[in-house]
Amino acid sequence: MLDRVSAVLYRRRVAVLWVSAVAVVLAWIGGLGVEHRLVHGGFSDPGAQSARAERLVAEHFPAAGDDLVLLLSGTTSVDSAEMTSLGTALTRHAARIPGVRQATSYWTAGRAPALRSRDGAIGLVTLSLSGDEDDRAKTAGRVLPDVRRHAPGLTVLAAGPAQVQSEVGARTAHDLLLAEAIAAPITLVLLLLVFGGAVAATLPLVIALLSVLMSRAVLNALAGAVPISVYSMNSTTSLGLGLAIDYSLFVLARFREELRAGATVREALGPTVRRAGRTVAFSALTVALSLVALLVFPQFFLRSFAYGGIAVVLSAAAGAVLVLPALLAVVGHRVDRYDVFARLRGPAGPTGPPENGRWYRFALAVTRHPLLYGGGAVLLLAVLASPFPRVSAGLFDDRSLPASAQVHRATQLLRDRFDADALGTVPVVVEGVRPGAVEPYARALSAVPDVRRVTAAPGSYVAGHRVRGPGRAASADSDSTRVASVSGDTRVTLVTVVSGVEQDSAAGTRLVRRLREVAAPAGATVSVGGRAAEVQDSTAAVARATPAAIGIVVGASLLLLFLFTGSVLMPVKALVLNTLSLSATFGAMVYVFQEGHLSFLVGSPAHTGTLDATIPILTFCVAFGLSMDYEVFLLARIRERYLLTGDNTESVAFGLQHTGRIITAAAVLVAAVLFVFSVSGVTMLKLLGVGLALAVVLDATLVRAVLVPSFMRLAGRANWWAPAPLRRLHDRVGPREDTGAPDMPRAARAARAARASRAARAGVPPGPPTPGP
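Residues numbered from 1 in each chain as written. Predicted model: local features only at pLDDT ≥ 70, side-chain atom pairs only at ≥ 80, totals over all residues. Heavy atoms only, no water.

## Some points on the overall build of the protein
Then comes step 1: For the protein, the count of helices and strands is 23 helices and 12 strands.
Then comes step 2: Expressed as a percentage of contacts within the protein between residues at least 6 apart in sequence, the contacts between residues at least 24 apart total 81%.
Then comes step 3: Here the protein displays about 29800 Å² of accessible surface, and carbon together with sulfur accounts for 62% of that area. (Helix = DSSP H or I, 4+ residues; strand = E, 2+ residues; numbered from the N terminus. Contact = heavy atoms within 4.5 Å. Areas by Shrake-Rupley, 256 points an atom, 1.4 Å probe, with all protein chains shown as cover.)

What follows is the structure, encoded as structure tokens:
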């Protein structure tokens with residue numbers, strides 16, 4: 001079938017390119033405005049107890065919300081007449097800003113001590129915002145500039161979760177543009193150096209453009225039905241660029257190899273599409289199925305990467321298998337023109353017998369001493385992986401931004417100059433019981449360690465009806481319990497727990513666990529909310545879904561590699577080695593980003609003692625797919641050679657000689673694109689980019705160049721073994737090699753048939769049970 005496809009692509013090459021051009025234009029039109037339809041947030045589990053508490057507080061008690069916290073300071077104390085007048089006026093103005101439901105301040109809430117800094121220099125205004133997480137972040141982006149315009153002579157800073165989301169989103173958009181501006185010239189130089197010639201270097205960019213525009217159109221279409229994270233678009237763009245380079249490099253290398261062997265352009269397209277195209281198709285399917293695993297998570301931040309990633313992977317593969325051969329048919333032998341780095345780059349590929357190649361000789365050296373080389377690589381990866389057991393999961397907060405960021409400075413002031421009340425409130429919503437039944441429960445909550453007091457929010461509302469107006473808050477050392485409730489059939493009670501620990505801390509998470517262990521009133525439904533509860537629920541949701549995600553990735557990889565190779569051992573080997581390299585990557589992430597060691601190497605990120613819970617699983621799915629990418633590339637050439645010779649060691653050396661340079665070049669290009677994210681001031685983005693870049697480098701060097709040859713040398717002919725039932729299954733459903741393929745010499749086909757006959761008589765297959773790609 002692929003031979004027929006290559007023939008059609010050659011004959012109809014101009015038509016294929018015109019259709020591709022129309023598809024690019026339509027995709028560009030379909031992706032217009034996508035950036036305005038993407039939303040903030042998506043890191044929490046919408047079905048969790050903390051999310052329910054947030055919805056109930058927003059619906060029934062808007063005055064209790066502190067989505068946005070304004071810090072006001074002037075030249076006098078907050079208790080002065082001047083500051084009282086300015087603070088009161090500013091609070092009333094803030095309450096009238098669209099998107100603000102309620103505004104409460106030190107000056108309008110009876111001078112509550114929790115809203116005043118210990119030195120009396122700063123007063124707080126707390127704002128409850130309407131809408132979902134995205135709406136609140138957008139409102140926060142408008143509030144601070146508006147308030148500053150109406151506060152001459154005052155210093156105004158903003159903190160709170162909505163402000164964190166707003167500034168992280170804005171900083172991410174800025175840093176991604178900066179990263180792309182840095183990556184573009186680096187990528188272009190590397191493309192010229194690796195691909196050899198301006199013509200060849202341009203071809204992957206065409207495929208990348210096609211895949212990126214298609215993914216933008218898909219995201220734009222999906223944004224009308226499901227929430228899509230703002231962080232997904234640029235990251236999938238980087239993934240599309242990397243995969244387009246990977247696939248184009250592999251296809252282009254095979255095309256050049258055939259041309260150098262004396263084939264015409266038409267003859268070269270046959271094996272290029274049949275062999276390289278099939279390898280690309282299997283590789284893309286493996287990456288896409290790895291990304292499917294992200295759909296099992298409830299956080300739409302992760303699901304968004306699945307939507308965009310699958311679209312960009314399949315688009316890049318289609319471009320490399322269908323559009324690139326048509327371009328090569330048009331370009332032909334001119335593909336090597338304008339090679340400005342010819343002398344520096346060296347030969348574009350193998351120009352003589354394989355045994356003369358550096359990668360061939362290196363592979364033979366590894367296979368002569370497999371335990372020495374393989375054991376050393378395993379030891380190094382184990383050392384890198386050793387910090388991984390110390391991983392501690394959390395969610396990003398203000399410290400994900402640089403210390404110079406406005407929200408980081410504001411939140412640090414809350415930590416340093418205010419009582420714990422400012423950062424330590426936990427809303428507890430009780431449903432289904434009368435107010436009198438809640439009081440014993442509230443007293444039990446006040447007895448929990450690290451709880452300073454239990455109180456009701458000033459100005460409580462239920463179903464839009466005000467049931468308690470603002471009043472003077474309890475003093476900091478008060479043990480009083482005040483409950484806001486509503487009579488009638490609808491009974492919703494808000495109890496606010498004021499703790500002595502910060503929410504964004506391990507102590508805050510422990511406090512939430514203790515609060516949830518307190519027995520609820522009989523017949524009541526209790527929802528504990530707040531930042532610490534959100535962190536606990538989100539990390540728990542990731543932990544619950546991770547086994548299913550790993551199962552999807554592992555199952556899909558084992559199945560596809562079996563179909564690709566016809567071997568039982570090869571898929572298991574790939575799984576073990578990929579797990580080892582990813583463990584090393586995660587260990588390095590813990591060591592640098594969680595614990596702060598060697599952080600200067602990646603721009604000195606602020607470390608909080610945790611890793612964002614969503615980033616390791618995202619790194620796992622993407623990096624595992626990319627690792628299988630290189631595994632398929634290498635095994636394709638090893639197996640092709642083994643079918644012809646039956647020599648396991650020589651086939652490994654041959655495969656590494658013909659793919660070592662390609663895989664290394666692809667890994668360098670992909671790592672360069674990803675590593676530029678280290679310039680970002682957002683730790684989450686820096687962590688993702690550096691983690692993926694490290695995973696790619698480790699996989700292309702230690703795993704593909706050392707561990708794979710070592711393992712295959714030790715396994716010998718068992719590499720290609722499969723039990724008889726699976727062998728018969730592969731005969732029926734696995735891909736087959738056309739024994740009449742024009743690129744296979746007659747003598748080689750006869751030799752292979754003779755080996756198969758001898759193996760059948762002996763009961764041992766000399767290679768894979770069926771011819772394969």
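## Description of the sheet that holds strand S4 (residues 155-159)
Then comes step 1: Taken in spatial order, the 4 strands of this open sheet run S2-S3-S1-S4, and their pairing is antiparallel. What marks the edges here is a single partner per strand, and that holds for strand S2 (100-105) and S4. Sheet twist, expressed as the average angle between the axes of neighbouring strands with direction ignored, equals 20°.
Then comes step 2: Taken together, the 5 bridges between strand S1 (residues 68-73) and S4 define a ladder with antiparallel strand orientation. Paired with Ser 73 across the strands is Thr 155, a residue of S4. (Pairing = 2+ DSSP bridges. Axes fitted to C-alpha atoms, helices over the stretch in contact; angles between N-to-C directions.)

## A few points about the environment of Ile 615
Then comes step 1: By the element assignment, Ile 615 lies in helix H19 (residues 614-645).
Then comes step 2: Residue classification places Ile 615 among the buried residues on the basis of a relative accessible area of 1%.
Then comes step 3: Considering only alpha carbons, one finds Ile 615 and Met 684, 69 residues apart in sequence, at a separation of 7.4 Å.
Then comes step 4: Not counting the four nearest positions on each side in its chain, Ile 615 is found in contact with Phe 301, Met 589, Met 684, Leu 687 and Leu 688. (Buried < 20%, exposed > 50% of the residue type's maximum accessible area, 1.4 Å probe, protein only.)

## With respect to the packing of aromatic side chains
Then comes step 1: For the coordinates displayed, the defined rule picks out 11 aromatic pairs.
Then comes step 2: Each ring, one from Phe 620 and one from Phe 624, has its centre 5.5 Å from the other, and the planes form 45°; the classification is tilted. Linking Phe 620 with Phe 624, this pair stays in helix H19, spanning 4 residues, or about one helical turn. Of the two residues examined, Phe 620 and Phe 624, each falls in the buried class.
Then comes step 3: In this structure, Arg 641 is placed above the aromatic ring of Phe 654, and the distance from its NZ or CZ to the ring centre is 4.2 Å. (Phe/Tyr/Trp six-rings, centres within 6.5 Å; stacked < 30°, edge-to-face > 60°. Lys NZ or Arg CZ within 6 Å of the ring centre and 35° of its normal.)

## So, the packing of helix H7 (residues 198-222) against helix H8 (residues 232-260)
Then comes step 1: Running from N to C, H7 and H8 point in directions that differ by 145°, and their axes come no closer than 8 Å. The interaxial crossing formed by H7 with H8 has right-handed handedness. Counted together, Ala 200, Leu 203, Pro 204, Leu 205, Ile 207, Ala 208, Ser 211, Val 212, Arg 216 and Leu 219 of H7 and Ser 232, Met 233, Thr 236, Thr 237, Gly 240, Leu 241, Ala 244, Ile 245, Ser 248, Leu 252 and Arg 256 of H8 form the full contact between these two elements.
Then comes step 2: Its residues assigned to classes, the contact of H7 with H8 shows 13 nonpolar, 6 polar and 2 charged. (Left-handed = near helix turned anticlockwise from the far one by under 90°. Nonpolar A, V, L, I, M, F, W, Y, C, P; charged D, E, K, R; others polar.)

## What to know about the pattern of salt bridges
Then comes step 1: For the structure on display, the rule yields 20 salt bridges.
Then comes step 2: In this structure, Asp 119 engages Arg 417 in a salt bridge whose closest nitrogen and oxygen atoms are separated by 2.5 Å. Note that Asp 119 is positioned in the loop between S2 and strand S3 (122-129) and Arg 417 in helix H14 (residues 406-417), a separation of 298 residues in sequence.
Then comes step 3: Ionic pairing is found between Glu 631 and Arg 704, a salt bridge with its closest N-O pair at 2.1 Å. Placement of the pair is Glu 631 in helix H19 and Arg 704 in helix H21 (residues 683-715), with a sequence separation of 73 residues.
Then comes step 4: Through salt bridges with shared partners, a single network forms among Arg 254, Glu 257, Glu 258, Arg 275, Arg 637 and Glu 640. (Salt bridge = Lys/Arg side-chain N within 4 Å of Asp/Glu carboxyl O.)

## What to know about the sheet that holds strand S11 (residues 525-528)
Then comes step 1: Read from one edge of the open sheet, 4 strands run S7-S10-S6-S11, paired in antiparallel fashion. Lying at the two open borders of the sheet, with one neighbouring strand each, are strand S7 (451-455) and S11. Looking at each pair of strands side by side, their axes are set apart by 20° on average, direction ignored.
Then comes step 2: Pairing of strand S6 (residues 425-431) with strand S10 (residues 492-499), which is carried by 7 bridges, proceeds in the antiparallel orientation. When the bridges of S10 are listed, Val 428 appears paired with Val 495.

## Examining the pairing of S3
Then comes step 1: In terms of residue burial, S3 counts as a mostly covered element, since 8 of its 8 residues are buried.
Then comes step 2: Here S3 shows no split at all, with Ile 122, Leu 124, Thr 126 and Ser 128 on one side and Gly 123, Val 125, Leu 127 and Leu 129 on the other all buried.
Then comes step 3: Sheet topology note: the S1/S3 ladder contains 6 bridges and is antiparallel. Across the sheet, residue Ser 73 finds its bridge partner in S3, namely Ile 122.
Then comes step 4: Bridge analysis of S2 against S3 gives 5 bridges, and the strand direction is antiparallel. Considered in S3, the bridge of Gln 102 is made with Ser 128.

## Let's talk about the side chain of Asn 578
Then comes step 1: Mapped onto the fold, Asn 578 is located in helix H18 (residues 569-594).
Then comes step 2: In contact with Asn 578, not counting residues within four places along its chain, are Phe 624, Ser 627, Met 628, Asp 699 and Arg 704.

## What about helix H12 (residues 358-368)?
Then comes step 1: All buried positions along H12 are accounted for by Tyr 360, Ala 363, Ala 365, Val 366 and Thr 367.
Then comes step 2: Looking at the buried side of H12, the elements it contacts are helix H13 (370-385), helix H20 (648-675) and H21.

## Remarks on the nonpolar core
Then comes step 1: Phe 195, Tyr 247, Leu 294, Phe 301, Val 313 and Leu 328 are the most contacted members of the largest nonpolar core, which totals 148 residues.
Then comes step 2: Apart from residues no more than four positions distant in its own chain, Tyr 247 is found in contact with Val 280, Ser 283, Ala 284, Val 287, Val 313, Ala 316, Ala 317, Ala 320, Asp 629 and Phe 633. (Core = buried A, V, L, I, M, F, W, Y, C linked by side-chain atoms within 4.5 Å.)

## Observations regarding the pairing of S10
On any regular strand, side chains alternate: one points to one face of the sheet, the next to the other face.
Then comes step 1: In terms of residue burial, S10 counts as a mostly covered element, since 8 of its 8 residues are buried.
Then comes step 2: Burial along S10 is two-sided: Val 492, Leu 494, Thr 496 and Val 498 facing one way and Thr 493, Val 495, Val 497 and Ser 499 facing the other are all buried.
Then comes step 3: Looking at chain direction, S7 and S10 are connected through 4 bridges and run antiparallel. Along S10, the bridge assignment pairs Arg 453 with Val 498.

## Here we look at the environment of Leu 395
Then comes step 1: By the secondary structure assignment, Leu 395 is in the loop between strand S5 (393-394) and H14.
Then comes step 2: Residue Leu 395 is classed as buried on the basis of its relative accessible area of 9%.
Then comes step 3: If we skip the residues at most four places from it in the chain, Leu 395 touches Phe 43, Arg 531, Glu 534, Val 535, Ser 538 and Asp 612.

## Here we look at the packing of helix H10 (residues 300-331) against H19
Then comes step 1: As a packed pair, H10 and H19 sit with axes 11 Å apart at the nearest point and diverge in direction by 20°. With respect to H19, the element H10 is oriented roughly parallel. As H10 runs across H19, the sense of the crossing is right-handed. Residues Phe 301, Leu 302 and Phe 305 of H10 form the contact with H19, whose own contacting residues are Thr 614, Ile 615, Ile 617 and Leu 618.
Then comes step 2: Residue composition of the contact of H10 with H19, grouped by class: 6 nonpolar, 1 polar and no charged. (Parallel < 35°, antiparallel > 145°, perpendicular 65-115°, else oblique.)

## Some thoughts on the confidence of the model for the protein
Then comes step 1: Mean pLDDT over the protein works out to 78, with 85% of the residues at or above the 70 mark.
Then comes step 2: Overall, residues 738-750 carries pLDDT values under 50, and its contacts beyond four positions in sequence, including any with other chains, amount to 18 contacts.
Then comes step 3: Low pLDDT (under 50) marks residues 752-773, which in the prediction has 53 contacts with non-local residues, meaning those over four places away or in another chain. (pLDDT = per-residue confidence, 0-100.)

## Topic: unusual backbone geometry
Then comes step 1: Residue Asp 450 is not a glycine yet carries a positive backbone phi of 75°.
Then comes step 2: Tracing the sequence through the fold places Asp 450 in the loop between helix H15 (435-446) and S7.

## Thoughts on a nonpolar patch on the surface
Then comes step 1: Taken together, the side chains of Val 22, Val 25, Leu 26, Trp 28, Ile 29 and Leu 32 define a hydrophobic patch exposed on the protein surface, amounting to about 590 Å² of accessible area.
Then comes step 2: Structurally, Leu 26 can be placed in helix H2 (residues 13-30). (Patch = residues over 30% accessible without salt bridge, like charges linked within 9 Å, V, L, I, M, F, W, Y side chains within 5 Å.)

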